Amino acid sequence: LRFELDRPLDDTDGAKVVQRMAAVEALGLIGDGTDVQRLVAMLELESSRDLREVAARALASLGDPAAIQPLRERLLREPTDQVALAIADALRLLDE
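This text gives an overview of the structure that appears in the document. (Residues numbered from 1 in each chain as written. Predicted model: local features only at pLDDT ≥ 70, side-chain atom pairs only at ≥ 80, totals over all residues. Heavy atoms only, no water.)

## Here's the deal with the environment of Glu 44
Thought 1: By the secondary structure assignment, Glu 44 is in helix H3 (residues 36–45).
Thought 2: Residue class for Glu 44 comes out partly exposed when judged on its relative accessible area of 35%.
Thought 3: The spatial distance from the C-alpha of Glu 44 to the C-alpha of Pro 70 is 9.7 Å, given a sequence separation of 26 residues.
Thought 4: Of the polar contacts made by the side chain of Glu 44, one reaches the side chain of Arg 77; its length is 2.5 Å. (Helix = DSSP H or I, 4+ residues; strand = E, 2+ residues; numbered from the N terminus. Buried < 20%, exposed > 50% of the residue type's maximum accessible area, 1.4 Å probe, protein only. Polar contact = N/O pair within 3.5 Å; in protein donor to acceptor, adjacent residues only side chain to side chain.)

## Focus on the nonpolar core
Thought 1: If you look at the biggest cluster of nonpolar residues, it comprises 25 residues, and the most contacted ones within it are Val 24, Leu 39, Leu 43, Leu 59, Leu 71 and Ile 87.
Thought 2: If you list the elements that add at least two residues to this core, you get helix H2 (14–30), H3, helix H4 (49–62), helix H5 (68–77) and helix H6 (81–95).
Thought 3: For this core, the element with the highest residue contribution is H4, accounting for eight residues.
Thought 4: Filtering out sequence-adjacent residues up to four positions away, Leu 59 remains in contact with Val 36, Leu 39, Val 40, Leu 43, Asp 64, Ala 67, Leu 71 and Leu 94. (Core = buried A, V, L, I, M, F, W, Y, C linked by side-chain atoms within 4.5 Å. Contact = heavy atoms within 4.5 Å.)

Any functional reading would require information that these geometric values do not contain.
This is how it looks when you write it as structure tokens:
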């Protein structure tokens, strides 16, 4: 699962984007603190807004406070409203 997320993705292949989204969602449910950096990197590097949104939601699901500062920093630079909303929701959940 983790190996699949570390490989570059051609976001023109819709099936692969959907597969990666499912993997990211699963990581949010079964992952641990060691996955925070992997998901933060996805927020920074993925061109797919859908993948960035799912990465933000997965960080919220992990519940690790280590994600708060990177999420705050990304929120300031995120150009897509859909992703910015997911990041804001993740921050709200992590700050509770």
